[in-house]
Amino acid sequence: MSNQDPWWSQAVIYQIYPRSFFDSNGDGEGDLAGISLKIEYLKSLGIDAIWLSPFYQSPNKDGGYDVSDPRMVDPRFGSLADFGRLVEICHQNSLRVIVDLVPNHFSSEHRWFQEAIASKAGSPERQRFHFRDPNSDGSPPNNWISLFGGSTWSKSPDGQFYLHLFDQSQPDLNWDNPEVSADFEETLRFWLDQGVDGFRIDVAHGLVKEEIERDHYAPELLSDALRLDIEMEPARRSEILATVPFFNRPGVHEIYRKWRRIFDSYDRDVVSVAEIWVHPPEEAALYVRPDELHQVFNFDLLTTPFEAKALFESITGAFSILEPVGALPTWALSNHDSPRVATRLGVLQSQALAIFLLALPGSFYLYNGQELSLPDGDVLDSDRQDPVYFRTHGVQKGRDGARVPLPWSADEVNCGFSSARPWLPIAESWRKLSVESQEKNSGSSLHLFRRALSARPQLVESGSSITWIENKGEKILAFIRGDFLVLLNTSAEVQEFISEGSIFMASDQETFADGSTISLPPLSACWVARSK
């Protein structure tokens, strides 16, 4: 990475789901002060920044993504002073801070929506949202299905319906209304003035709606296709996503051009990363044109099987999509909305793929607990809190499994997360996966990630270009980046690769180089320092 490149271009960014990270005050929920208390742990990982999922004032019906005041810290997480202290301590330890922004919708408890419900049809208060009269038979304005299940329309007390692409407690904002734009620009400046270094933008492709009275021919199928936690054949998913009527409208780009001018007005590199799900995928590049946002999430790898051909197509596709606008991809294998990669692919596979991706140009997003190779937590139906579970009447289990609190201790109550009952239960079996347990084991997942993140700067210094090595088989992926050869064995057998060099980094300690051949254990990856 050159001195001219912005800090985020090849950074490792650690996503923290605050409610599940560490509880400092014994109420069973993680908080901002808890993150500050774990600053030494965060620093020890070798990351460049943290990204905080929402900590704003919220009734918490959708894990904080139902925001009732975007410029207020929810008391469950602490205070604005706690946030300021966290930013300060992160900056003192050379960590940047990215915060979530939720511009598609507000909570139904937001002051604006309460005013809208109390006002008449057609009032200025209702123009901030999408209110519509029912059809002549009393039915909702169209047949769209919420991404959380059920109709996207809910009836207000006077009979009008309001639009919500997610839960009924999350009314969608009307971005054609200048008041909405002005309010979010105020929010951007508020948090930038608090010292944040960037924003992750939730549902960035969904702000502008068109033809919202028109029915869709397969609304339930479309809703499923838009969900990362629902399995679907890639070709079928692609086919149905081509028909989505409420995402990726051209009008979103003018919003982000305005935001970019705000970001650029500050005297530091402010990053903006868009959560988008667009079809065709090539349109993702539109969001990172030079006058818009900086990064887009690459979601393909959250559903790609652990097969060399599929991974190659996903990775090369990410590069080719963004190449026309000069942007680098982002790499992520887990987040708060998708199954943990250790569960989806397997522990060895998830570790190998992470090591392989960390060697690629671009930034890497690491979800809290991924460094421990945590699986999805086992959550009883009686403990579930995700609105997806309730809106689908239990047909879909939701995302709670990926949000179970982190285990810190092998011996303390609740694995050291909290002195009180955690908001989601932590399995006793996770004690052996705790930070404390893995600290003591040099061969643990935690130490693997630390070694990789410590070694990664040497690959970054090798430049941003890679050369793929053609492999006649379909079991190994291989590329060269500067002075390094990077290999991934996706098969269940040992594979040999003819190359000089020594092992610089490996996901499996049995990886071996004899000077002319690299021996790759099953389901493993390595970086080879090539002979000069």
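All figures in this text were calculated on a predicted structure; none of them were measured in a lab. (Residues numbered from 1 in each chain as written. Predicted model: local features only at pLDDT ≥ 70, side-chain atom pairs only at ≥ 80, totals over all residues. Heavy atoms only, no water.)

## Digging into empty space enclosed by the protein
Leftover empty space is mapped by rolling, across the atoms, a probe with the size of a water molecule.
Right, so step 1: This structure, assessed with the given rule, holds seven cavities of 30 Å³ or more.
Right, so step 2: Roughly 380 Å³ of volume is contained in the largest cavity.
Right, so step 3: What lines the largest cavity is a set of 25 residues, among which Leu-147, Phe-166, Leu-226, Glu-275 and Asp-337 lie closest to the centre.
Right, so step 4: When the residues that make up the lining of the largest cavity are grouped by side-chain class, the tally is twelve nonpolar, five polar and eight charged.
Right, so step 5: Here the second largest cavity is characterised by a volume of approximately 70 Å³.
Right, so step 6: Along the walls of the second largest cavity sit Tyr-17, Arg-19, Asn-60, Lys-61, Asp-62, Gly-63, Gln-385, Asp-386, Pro-387, Asp-400, Arg-403 and Trp-423, which together make up its complete lining.
Right, so step 7: Looking at side-chain class alone, the lining of the second largest cavity contains three nonpolar, three polar and six charged residues. (1 Å grid on protein atoms, 1.4 Å probe; cavity = no way out; pocket = protein on both sides within 12 Å on 5 of 7 lines; lining within 4 Å. Points joined across faces, edges and corners; volume = space filled by probe spheres on them. Nonpolar A, V, L, I, M, F, W, Y, C, P; charged D, E, K, R; others polar.)

## Section: the environment of Ala-354
Right, so step 1: Here Ala-354 lies in helix α11 (residues 347–358).
Right, so step 2: With 17 residues separating them in the primary sequence, Ala-354 and Glu-371 have C-alpha atoms 9.6 Å apart.
Right, so step 3: Each residue touching Ala-354, except ones within four places of it in the same chain, is listed here: Leu-333, Phe-364, Gln-370 and Phe-449. (Helix = DSSP H or I, 4+ residues; strand = E, 2+ residues; numbered from the N terminus. Contact = heavy atoms within 4.5 Å.)

## Details of helix α4 (residues 111–118)
Right, so step 1: Listed in full, the buried residues belonging to α4 are Trp-112, Phe-113 and Ala-116. Down the axis of α4, the smallest arc covering the buried residues is 95°, so these residues share one side. Turned more than 90 degrees away from the buried face of α4, the exposed residues are Arg-111 and Ala-118.
Right, so step 2: Looking at the buried residues of α4, the elements they touch are β6 (131–132), β8 (161–163) and α5 (178–193). (Buried < 20%, exposed > 50% of the residue type's maximum accessible area, 1.4 Å probe, protein only. Arc of directions from axis to C-beta.)

## Examining the sheet that holds β6
Right, so step 1: Strands sit in the order β6-β8-β7 across an open sheet of three strands; the sheet is antiparallel. Sheet topology places β6 and β7 (153–155) at the edges, where each strand pairs with a single neighbour.
Right, so step 2: As judged from the three bridges shared by β7 and β8, these two strands associate in the antiparallel manner. Along β8, the bridge assignment pairs Lys-155 with Phe-161. (Pairing = 2+ DSSP bridges.)

## Quick look at unusual backbone geometry
Right, so step 1: Following His-279, the chain continues into Pro-280 via a peptide bond in cis, with omega recorded as 0°.
Right, so step 2: Structurally, Pro-280 is set in the loop between β10 (271–274) and β11 (295–296).
Right, so step 3: Even without a glycine there, the phi angle at Asn-248 is positive, about 60°.
Right, so step 4: Assignment of secondary structure puts Asn-248 in the loop between α7 (234–241) and α8 (252–264).
Right, so step 5: For Ser-373, which is not glycine, the phi dihedral falls at a positive 55°.

## Notes on the packing of aromatic side chains
Right, so step 1: Tallied over the full model, the rule gives 37 aromatic pairs.
Right, so step 2: Here the aromatic rings of Phe-131 and Tyr-162 are separated by 6.0 Å at their centres, their planes lie at 50°, and the arrangement is tilted. Placement of Phe-131 in strand β6 and of Tyr-162 in strand β8 is noted, with a sequence separation of 31 residues between them.
Right, so step 3: What makes Phe-131 buried here is its relative accessible area of 8%.
Right, so step 4: Summarising the aromatic geometry, the rings of Tyr-256 and Trp-259 are spaced 5.3 Å apart at their centres and angled 75° between planes, so their arrangement reads as edge-to-face. Of this pair, Tyr-256 and Trp-259 both sit in helix α8, separated by three residues, roughly a single helical turn. For the residue pair Tyr-256 and Trp-259, the accessibility class agrees, reading buried in each case.
Right, so step 5: Here the basic side chain of Arg-126 rests over the ring of Phe-131, its NZ or CZ set 4.6 Å away from the ring centre.
Right, so step 6: Lying over the aromatic face of Tyr-389, Arg-384 brings its terminal NZ or CZ to 5.9 Å of the ring centre. (Phe/Tyr/Trp six-rings, centres within 6.5 Å; stacked < 30°, edge-to-face > 60°. Lys NZ or Arg CZ within 6 Å of the ring centre and 35° of its normal.)

## Overview of helix α3 (residues 80–92)
Right, so step 1: The end-to-end C-alpha distance of α3 is 18 Å, a good match for the 18 Å that 13 residues give at a rise of 1.5 Å each.
Right, so step 2: Taken together, the buried positions of α3 are Phe-83, Leu-86, Val-87, Ile-89 and Cys-90.
Right, so step 3: Check the buried side of α3 and you find it contacts α1 (32–37), α2 (39–45), β2 (49–52), β4 (69–73), β5 (96–101) and α5.
Right, so step 4: Directly after α3, the chain includes Ser-94, whose backbone phi takes a positive value near 60°. (Expected span 1.5 Å × (residues − 1).)

## Quick notes on the layout of surface pockets
Right, so step 1: Looking at the largest pocket, its volume works out to about 1100 Å³.
Right, so step 2: Lining the largest pocket are 36 residues, with Trp-277, Phe-299, Asp-300, Thr-303 and Thr-304 sitting closest to its centre.
Right, so step 3: For the lining of the largest pocket, the secondary structure elements donating two or more residues are α7, α9 (308–322) and α10 (341–344).
Right, so step 4: Sort the elements by how many residues they give to the lining of the largest pocket and α9 lands first, with seven residues.
Right, so step 5: Counted by class, the lining of the largest pocket contains 21 nonpolar, nine polar and six charged residues.

## Side note on the pairing of β10
Right, so step 1: Burial along β10 is two-sided: Val-271 and Val-273 and Ser-272 and Ala-274, pointing in opposite directions, are all buried.
Right, so step 2: Alignment of strand β9 (residues 198–201) against β10, held across four bridges, turns out to be parallel. Within the sheet, the bridge partner assigned to Phe-199 lies in β10 and is Ser-272.
Right, so step 3: Across two bridges, the pairing between β10 and β11 is parallel. Residue pairing for β11: Ala-274 is matched across the bridge by Val-296.

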